[in-house]
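# Survey of secondary and tertiary structure
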Amino acid sequence: MESKEQRGGPRFSRSGQREGSWKMRDGGVWKTREELNAGFGIRQGTTAYDRCIPPGEDGSLTSAHLNRLLTAASYEWHPDSGCYLIPLARVDFITRLLQSYHGLWLIGDSLTGEHFDYLDNFLSWPGGPVSQTQVNDRRMLMFNANHPEAEFYLRRAGVPAERLARPLVWVARHDRLLNIEELGKIWEYVGVPGFSWLRPQDEAEWFGSLAATSKEQAKLAEADNPYKPTLAMVSTGAHWTRYSMNITTDEEMYLGMAEAAKRILGAISTVEHVDFFVRTQSPGHPGCEAAHEPTPIPSNDFATVAKFGKDLGWQMFSTYNKIWKDQIAERQQSLGWTRFGVVDNWNLENQRPDLHLRPPTDCLHHCMPSLQHHWTRGLWHEIKIRDLAREA
């Protein structure tokens, strides 16, 4: 893991690769949901995390269900190599989101939805200034302009009151990041016949809206532009499958994803005032019902995926991640490393077969809030090292 020496302080990672291991927290297993919520800094009374269902149960909050929830959230991620992640605090995160012209955009599939649900519970609390709203079927977190703390946050962020008219966080559900017409052109371009949808997908429009916000910020005169770039993070992989796209081989899937990443990053390269991140995805863990704690070595057995009745394509996740990381590295070389980044969660996710939502029927989605908290820590770190570089 690369690191950058900070004058008079710790070494902060400058690499998207986050190696390390999970360890039980010093205080042991959380005793109550209230204690867990306080430990993660999320609002009390939330039921968003009552989804960590033991094998064979129906989802009711039994004692076994609660125990699994508390135990799963009691492990902490420890990066290797003596490098540090920049500490995350709610007041700092809200301030930084206000400093971005249009806050943070999360674009991706249902796992991205998990991340938004975590941020909702992390950033909003009873009586606080942040709350979730929905506009045209799109969920977003807004800062209440009439809240007593508004002046404090505006002053802290150094932005005018008009900033509060735009979201802090906005989520777009798009399972494959490109719509069916765009993907059809890609498969035709790479010479792969037979593409079709065997199942519907969610495809909320996102690129045009992101480009429009960039143009809005570009209209501001330099002296009247107190804002940092809008933040956007995408993730895809779980819906890129031979089964769902009617594609024959993994090699053909590779060609499609490589071309898709090239086109998406090429389009983003033309959009100014946006810092663009890709969050890696890790496959599920077949047989996750047998796991009760983190495993120090990834335990995925791709040969058993067939038991789910279709080719889920999980064996391609590491390949897809490498495609994105390699192409982002090229963009960083040509356009500067601060504009593009990778939030690499491969190791921390791969070591948690015990953290899936509903074993054995759902070994892909996750219990909350542990992984989603660490996704946020990783993203926060990537944001802040770019701020430090620009301020140097």
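Small disclaimer: the values here were computed from a predicted structure and weren't measured.

As a further point, take the overall build of the chain. Secondary structure summary: the chain contains 12 helices and 13 strands in total. Across the 392 residues of the chain, 53% fall into the buried class. Considering only intrachain contacts with a sequence separation of at least 6, the fraction spanning at least 24 residues in the chain is 77%. Carbon together with sulfur atoms contributes 51% to the accessible area of the chain, which is approximately 16,700 Å² in total.

The subject of this paragraph is the nonpolar core. Leu98, Leu119, Leu123, Phe143 and Val169 are the most contacted members of the largest nonpolar core, which has 41 residues in total. For this core, the element with the most residues is helix 4 (residues 110–123), which contributes five residues. Beyond its immediate stretch of four places on either side in the chain, Phe143 contacts Ile94, Leu98, Pro129, Val130, Glu149, Ala150, Tyr153, Leu164 and Leu168. Among the nonpolar cores identified, the runner-up in size contains 40 residues, and Ala211, Ala232, Met245 and Ala261 belong to it.

Further remarks concern the sheet that holds strand 6 (residues 130–135). If you trace the seven strands from one edge of the open sheet to the other, you get 6-7-8-5-9-10-11, paired in mixed fashion. Bordering the open sheet on either side are strand 6 and strand 11 (340–343), each of which pairs with just one other strand. Taken pair by pair, the neighbouring strands of this sheet meet at an average axis angle of 20 degrees, ignoring direction. Both strand 10 (residues 274–279) and strand 11 contribute to a ladder of four bridges, which runs parallel. Residue pairing for strand 11: Phe276 is matched across the bridge by Phe340. Across the sheet, helix 10 (residues 317–335) lies against strand 10 and strand 11, angled at about 150 degrees from strand 11, the strand it touches most.

This next bit is on the state of the cysteines. The final tally for this structure, using the stated rule, is two disulfides. The disulfide partner of Cys52 is Cys367, and the gap between their sulfur atoms is 2.2 Å. On the S-S bond that ties Cys52 to Cys367, the torsion sits near 85 degrees, and the link is right-handed. Of this pair, Cys52 sits in the loop between helix 1 (33–40) and helix 2 (63–72) while Cys367 sits in the loop between strand 13 (362–366) and helix 12 (370–391), placing them 315 residues apart in sequence.

Our focus in this paragraph is the pattern of salt bridges. Enumeration according to the criterion identifies 15 salt bridges in this entry. Residue Arg155 is joined to Glu151 by a salt bridge in which the shortest nitrogen-to-oxygen separation is 3.7 Å. Of this pair, Arg155 and Glu151 both sit in helix 5 (residues 150–157), separated by four residues, roughly a single helical turn. Given the relative accessible area of 56%, Arg155 is considered exposed. Across the pair Arg173 and Asp175 runs a salt bridge, and its minimum N-O distance is 2.6 Å. Among the ionic contacts, a cluster of salt bridges with common partners joins Arg96, Lys384 and Asp387.

So, about unusual backbone geometry. Backbone torsion omega between Pro359 and Pro360 reads 0 degrees, so that peptide bond is classified as cis. Its location among the elements puts Pro360 in the loop between strand 12 (356–358) and strand 13. Positive phi, close to 70 degrees, is recorded for Leu177, a residue that is not glycine. If you trace the backbone, Leu177 turns up in the loop between strand 8 (169–173) and helix 6 (180–189). Residue Leu177 is classed as buried on the basis of its relative accessible area of 3%. At Asn246, a position not held by glycine, the phi torsion is positive, near 60 degrees. Its place among the elements puts Asn246 in the loop between helix 8 (242–245) and helix 9 (250–269).

Time to look at the packing of aromatic side chains. The relative placement of two aromatic rings is captured by the distance of their centres and the angle of their planes. Enumeration over the complete set of coordinates arrives at 13 aromatic pairs. A centroid spacing of 5.4 Å and a plane angle of 65 degrees characterise the contact between Phe143 and Tyr153, whose relative ring orientation is edge-to-face. In this pair, Phe143 is assigned in strand 7 (residues 138–143) and Tyr153 in helix 5, connecting sequence segments 10 residues apart. Here Phe143 matches Tyr153 in class, with each residue buried. On the basis of an interplanar angle of 65 degrees and a centroid distance of 6.5 Å, the ring pair of Trp240 and Tyr320 is categorised as edge-to-face.

Once that is clear, we can look at the confidence of the model for the chain. Per-residue pLDDT for the chain has a mean of 86; in total, 89% of the residues score no lower than 70. Mean pLDDT across the secondary structure elements of the chain bottoms out at strand 1 (residues 3–5), with 34, and peaks at helix 5, with 98. In the predicted structure, residues 1–12 sits below a pLDDT of 50 and forms 33 contacts with residues beyond four places in sequence or in another chain.

Our next topic: the side chain of Ser244. By the element assignment, Ser244 lies in helix 8. Polar side-chain contacts of Ser244 include one of 3.2 Å to the backbone oxygen of His239.

On to the packing of helix 9 against helix 10, then. Interhelical geometry of helix 9 versus helix 10 gives an angle of 30 degrees and a closest axis separation of 10 Å. Classed by the angle they form, the pair helix 9 and helix 10 counts as roughly parallel. Of the two possible hands of crossing, helix 9 and helix 10 adopt the one that is right-handed. Seen from helix 9, the contacting residues are Met253, Tyr254, Met257, Ala258, Ala261, Lys262, Ile264, Leu265, Gly266 and Ser269; seen from helix 10, they are Thr319, Tyr320, Ile323, Trp324, Gln327, Ile328, Arg331 and Leu335.

Reading guide: rules and limits
- Every chain's residues receive numbers from 1 upward, in the order its sequence appears when written.
- This being a predicted model, a pLDDT of at least 70 is required before a residue's local features are given, and a value of 80 or more before pairs of side-chain atoms are given or counted; all residues contribute to the totals for chains, interfaces and linings.
- Water and hydrogen atoms play no part in the side-chain values, which are based on all heavy atoms of the structure.
- What counts as a helix is a DSSP run of H or I of at least four residues, what counts as a strand is a run of E of at least two, and both are numbered from the N terminus.
- Only protein chains enter the accessibility calculation, which uses a 1.4 Å probe. A residue is then buried if its area is under 20% of the maximum for its type, exposed if over 50%, and partly exposed in between.
- In this analysis, two residues are considered to be in contact whenever any of their non-hydrogen atoms come within 4.5 Å of each other.
- Methods summary: accessible areas were calculated by the Shrake-Rupley approach with a probe of 1.4 Å, and residue burial reflects only the protein chains presented.
- Residues belong to a common nonpolar core when they are buried Ala, Val, Leu, Ile, Met, Phe, Trp, Tyr or Cys residues joined through side-chain atoms within 4.5 Å.
- Between any two strands, pairing holds if DSSP finds at least two bridges.
- Axis geometry follows a simple rule: fit a line to the C-alpha atoms, using only the stretch in contact for helices, then measure angles between N-to-C directions, giving values from 0 to 180 degrees.
- Defined by distance alone, a disulfide is two cysteine sulfur atoms within 2.5 Å.
- We count a salt bridge whenever a side-chain nitrogen from Lys or Arg sits within 4 Å of a carboxyl oxygen from Asp or Glu.
- Any two of the Phe, Tyr and Trp rings considered here, Trp counted by its six-membered ring, make a pair once their centres fall within 6.5 Å; the pair's planes then place it as stacked at under 30 degrees, edge-to-face at over 60, or tilted in between.
- One confidence number per residue, pLDDT, is output by the predictor and ranges from 0 to 100.
- Here a polar contact is taken to be a pair of N or O atoms separated by no more than 3.5 Å, where protein atoms must pair a possible hydrogen donor with a possible acceptor and residues adjacent in sequence count only if both atoms sit in side chains.
- Should an angle fall under 35 degrees it is taken as roughly parallel, and over 145 as roughly antiparallel, whereas 65 to 115 is taken as roughly perpendicular and any remaining angle as oblique.
- Here a crossing is taken to be left-handed if its near helix is turned anticlockwise relative to the far helix by less than a right angle, and right-handed if that turn runs clockwise.

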